[in-house]
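Residue strings, one per chain:
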Amino acid sequence: MFFKWRSFRRDVVTCACEPEWPGLRAVVDGHEVAGVPSPGGSSPLVLMLGLSASCTGCGAEYPYGWAVADRR
């Protein structure tokens with residue numbers, strides 16, 4: 001397994017939406033996947049696939065830990 005190493009919080013971009021971070025999304029194999037903030041850090045799936053989340057409103061990259069949201 002290879003991990004995409006990123007130095008976290010480098011060049012942190014804040015969300016321009018009001019309220020901040022109304023939703024998170026990532027793209028996996030051309031499909032959009034919903035994400036949720038994860039106070040305990042990014043999930044193993046996110047780290048293993050090297051995914052990055054962005055804001056659903058303004059498109060800013062989410063600089064904190066997150067996980068793929070449950071499908072409903």
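Note on numbering: residues in each chain are counted from 1, in written sequence order. Local features in this predicted model are restricted to residues whose pLDDT is 70 or higher, and side-chain atom pairs enter the listing and the counts only when it is 80 or higher, whereas totals over whole chains, interfaces and linings include all residues. Only heavy atoms go into the side-chain values, all of them from the structure, while hydrogens and water stay out.

### Some thoughts on the side chain of Ser42
Comment: elements are numbered from the N terminus, with helices defined as DSSP H or I runs of at least four residues and strands as E runs of at least two. Among the structural elements, Ser42 can be located in the loop between strand S2 (31-37) and helix H1 (44-49). Should any heavy atoms of two residues lie within 4.5 Å, those residues are counted as being in contact. Those residues within four positions of Ser42 in sequence are excluded, and the remaining contacts are Leu47, Tyr64, Gly65 and Trp66.

### Overview of the packing of aromatic side chains
Each Phe, Tyr or Trp ring (for Trp, its six-membered ring) is paired with any other whose centre lies within 6.5 Å, and the angle between the two planes then decides the class: stacked below 30 degrees, edge-to-face above 60, tilted in between. Counted under the stated rule, the structure contains two aromatic pairs. With 5.0 Å between their ring centres and 85 degrees between their planes, Trp21 and Tyr62 make a pair best called edge-to-face. Remark: Tyr62 occurs in the loop between strand S3 (54-55) and strand S4 (66-68) and Trp21 occurs in the segment before strand S1 (24-28); sequence separation between them is 41 residues. Per residue, the accessibility class of Trp21 equals that of Tyr62, and both read buried. Plain terms: the ring middles of Tyr62 and Tyr64 are 5.5 Å apart, the flat faces sit at 80 degrees to each other, and that makes the pair edge-to-face. Taking the relative accessible area as the measure of exposure, Tyr62 reaches 11% and is therefore buried. Three or more aromatic residues joined by ring pairs form one cluster here, namely Trp21, Tyr62 and Tyr64. Using a 1.4 Å probe on the protein chains alone, a residue whose accessible area is under 20% of its type maximum counts as buried, one over 50% counts as exposed, and one in between counts as partly exposed.

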